[in-house]
Amino acid sequence: MDTLDIKRPENIVYRKPALITDNVMHYCPGCSHGTVHKLIAEVIEEMGIQDKTVGISPVGCSVFAYNYIDIDWQEAAHGRAPALATATKRLCPDKYVFTYQGDGDLASIGTAEIIHACSRGENIVVIFINNGIYGMTGGQMAPTTLLGMKTSTTPYGRDAKLNGFPLKITEMLAALDGTAYITRQSVHTAAAARKAKNAIRKGFEYSHLGIGLSFIEIVSTCNSGWKLSPVEANKWMVENMFAKYPLGDIKDTSIAEKK
Amino acid sequence: MAEKILMKGNEAIAVSAIRNGVDGYFGYPITPQSEVMETLMKEKPWETTGMVVLQAESEVSSINMVYGGASCGKKVMTSSSSPGISLMCEGISYIAGSELPCVIVNVMRGGPGLGTIQPSQSDYTQCVKGGGHGDYHCMVLAPASAQDMYDFVDWGFELAFKYRNPVIVLADGIIGQLMEKVELRPVKPRRTEEEILRVAPWATTGKPAGRERNIITSLSLDSTTQENFNKKLLAKYESIKENEVRFSEYMTDDAEYLFVAFGCSSRICEAATDILRQEGIKAGLLRPITLFPFPEKEIARLAGQVKSIMSIELNLGQMVEDVRLAANGRCPVGFYGRQGGIVFTPEEIAGEFKKFNNLK
Ligand SMILES: Cc1ncc(C[n+]2csc(CCOP(=O)(O)OP(=O)(O)O)c2C)c(N)n1
Ligand code: SF4
Ligand SMILES: [Mg+2]
């Protein structure tokens, strides 16, 4: 098959989702952010809700998410996205509202905002990118950094005595009555990405059922921050991150159960 | 005759919000303004106008809820008192940097720190000069009565949407707690979806095919873009200074001496002016109704007419700096203030005035 053949419509097996813009992505090669963006764009496209969706981007590497997915966006202050999403959803209940947040954003500076949005049962979707590090600011310790993991502020490895323990915020949030769906996924293989996409779609669908908040953690790689090649980063994630942050659904409250 | 009802300044804020078609209120309890949210919750406007009222987990959250609601082109507001406003300053900076309209009510109490729950005017500098980080200004309106509290909600939203800029209603514990007759103005319904699209075409209302996506952000990593944005803000502030200054004057026509005071202090200074006038001393009063924009031209004009100006404030001397800048050496400028929630009497001010001006 030559190049022309490959481009024939009947031969296309993969294309960029229509809702991903042509802007050049600033993410490092191998970074999970780009893959997750693509999954979100596909879900919005397949559900046909581009004109009904509002995204809230965080402060972190994905601060520029609004450059890549072709929907209306609000760019929040560090950690505050769930507060913006709360008001947006309550004032515009017909909209699909999601936040997209890193671990520093969601599990450190924005702990109060996420806990209370969950506790109030806001009908929003939260996409939580847990890469165990502060990617944007150059690789400092995050609340989710593993014990022993080296970062620029834990140069000798995270020491529980000095730096406390990794925060499993997703399990914490599952304990709150206002959450409807809590799951932990990853995007390191095509199969994992497909599962993550299904989870994102379920979250979007749940957000219109009035049954509470859907929370999708994506255990992610930050190969630049971890100082590993994309392939090594995936391997390191499987061997280390998944041990602390096991994949799978943590909570799924169907409408019937709620009633 | 329009209906007049006896109510507290804080209640007037809540009643006015419902009657003026406000879409959302987000707040956190703090004395001396908790009646605002309490009144809203009691009135249940979500059952009548559809207004959203939500008690947030903190002032950090309530201002960021305002940020999200304003991003949708909705008329949203919050209220708090001094320590809560400090927590909101990050959000206010983002709102100013994203050029969003909203109304923030600060019913000031004494500080610093936890301070006192008694009235004060010690957040003048914080609210008028900025408060959060970066070069920005909120428009600041200073109510002096419960009626002003009622009226400034609507006026605040008018200004906020006209300039896409946050507006602070800078009240104090006295104005918030004072019970007075308030005239209820005609009801304004909430804006329809179509009206929102018309007045706020920039809002995140969901991107239909055929329009660019709307992005609410205060971020620009490129220095030239950021500088150009700062210059755009400056031009907006210049236009606000040119068009929106409001003040009132009392006995200034033939005044030889001038008081400058805002909010509750202006009412006390009016009484002090009367005392001095009875003694044959030609005192007058200028009350800035807008603190940003500040009535600097009028103060400059009066500074050329009077022998001296005194700025009277419930703080250690904050607005006096702006009065001095406006007077620009044309006449001496003095200050008298009380702090900690203690409020001066008209007699006390008249006495301090005579001391400052060497009058018997
Ligand atoms: C109030 C505030 N504090 C600190 C920062 C600096 N800052 C920017 S991004 C970031 C951490 C982002 O890490 P994370 O949320 O994990 O996102 P990632 O870049 O890893 O995707 C920090 C601390 C900021 N922008 N604002
Ligand atoms: S620094 Fe890390 S999180 Fe940020 S783009 Fe690069 S790989 Fe992704
Ligand atoms: Mg991170």
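Above: the structure in question.
Presented here is a report on the structure given in the accompanying data block. (Residues numbered from 1 in each chain as written. Chains lettered and ligands numbered in written order. Predicted model: local features only at pLDDT ≥ 70, side-chain atom pairs only at ≥ 80, totals over all residues. Heavy atoms only, no water.)

Turning our attention to the overall build of chain B. Looking only at helices and strands, chain B features 13 helices and 15 strands. Its C-alpha atoms give chain B a radius of gyration of 21 Å, near enough to 21 Å, the size a compact globule of 360 residues would have. For chain B, the spread of C-alpha atoms along the three principal axes comes to 75 × 50 × 40 Å. The buried share of chain B, reckoned over its 360 residues, is 60%. Within chain B, residue pairs in contact and separated by at least 24 positions form 78% of the contacts whose partners lie at least 6 positions apart. Approximately 14100 Å² of chain B is accessible, and the part contributed by carbon and sulfur atoms is 52%. Averaged over its 38 positive side-chain charges, chain B has a centre that lies 2 Å from the centre of its 44 negative ones. (Helix = DSSP H or I, 4+ residues; strand = E, 2+ residues; numbered from the N terminus. Rg over C-alpha atoms; globule rule 2.2 N^0.38 Å. Buried < 20%, exposed > 50% of the residue type's maximum accessible area, 1.4 Å probe, protein only. Contact = heavy atoms within 4.5 Å. Areas by Shrake-Rupley, 256 points an atom, 1.4 Å probe, with all protein chains shown as cover. Lys, Arg positive; Asp, Glu negative; His and termini not counted. Charge placed at Lys NZ, Arg CZ, Asp CG, Glu CD.)

Further remarks concern the pattern of salt bridges. The final tally for this structure, using the stated rule, is 41 salt bridges over all chains. Measuring nitrogen to oxygen at the nearest pair gives 3.0 Å for the salt bridge that ties R90 of chain A to E122 of chain A. Of the two residues, R90 of chain A sits in helix α3 (residues 81-91) while E122 of chain A sits in the loop between α5 (111-120) and β4 (125-130), which places them 32 residues apart along the sequence. Using a relative accessible area of 3% as the deciding quantity, one classes E122 of chain A as buried. Taking the shortest distance from any N to any O, the salt bridge between K188 of chain B and D154 of chain B comes out at 2.8 Å. One end of the pair, K188 of chain B, is in the loop between β8 (179-183) and α8 (193-199); the other, D154 of chain B, is in helix α6 (residues 146-163), and 34 residues separate them in sequence. By relative accessible area, which is 36% here, K188 of chain B ends up partly exposed. When its relative accessible area of 17% is taken as the criterion, D154 of chain B is described as buried. Among the ionic contacts, a cluster of salt bridges with common partners joins K38, E42, E46 and K197 of chain A. (Salt bridge = Lys/Arg side-chain N within 4 Å of Asp/Glu carboxyl O.)

With that out of the way, let us pick up the environment of G104 of chain A. All names here are of chain A. With respect to the helices, strands and loops of the structure, G104 is situated in helix α4 (residues 103-109). For G104, a relative accessible area of 7% corresponds to the buried category. Each C-alpha atom, one on G104 and one on M136, is 9.9 Å from the other, the two residues being 32 residues apart in sequence.

Moving on to the coordination of the magnesium ion (ligand 3). Residues and elements named next belong to chain A. Looking at the magnesium ion (ligand 3), one finds its protein donor set to be D103 (OD), N131 (OD1) and I133 (O), positioned 2.1 to 2.7 Å from the metal centre. On the basis of relative accessible area, D103 is assigned to the buried category, the value being 2%. Taking the relative accessible area as the measure of exposure, I133 reaches 2% and is therefore buried. (Donors = N, O, S within 2.8 Å, 3.2 Å for Na, K, Ca; no water.)

In this section: the packing of α3 of chain A against α5 of chain A. Angle between the axes and distance between the axes: these two values describe a pair of packed helices. Residues and elements named next belong to chain A. Interhelical geometry of α3 versus α5 gives an angle of 30° and a closest axis separation of 8 Å. Viewed along their axes, α3 and α5 adopt a mutual orientation that is roughly parallel. Taking contact as the criterion, the partners of P82, A83, T86 and R90 in α3 are, on α5, E113, I114, A117 and R120. (Axes fitted to C-alpha atoms, helices over the stretch in contact; angles between N-to-C directions. Parallel < 35°, antiparallel > 145°, perpendicular 65-115°, else oblique.)

The next subject is unusual backbone geometry. Residue and element names in this part refer to chain B. A cis amide bond links T31 to the next residue, P32, at an omega of 5°. Its location among the elements puts P32 in the loop between β2 (24-27) and α2 (35-43). Cis geometry marks the peptide bond from G111 to P112; its omega dihedral reads 5°. Position of P112 among the secondary structure elements: in the loop between β5 (102-108) and α5 (124-129).

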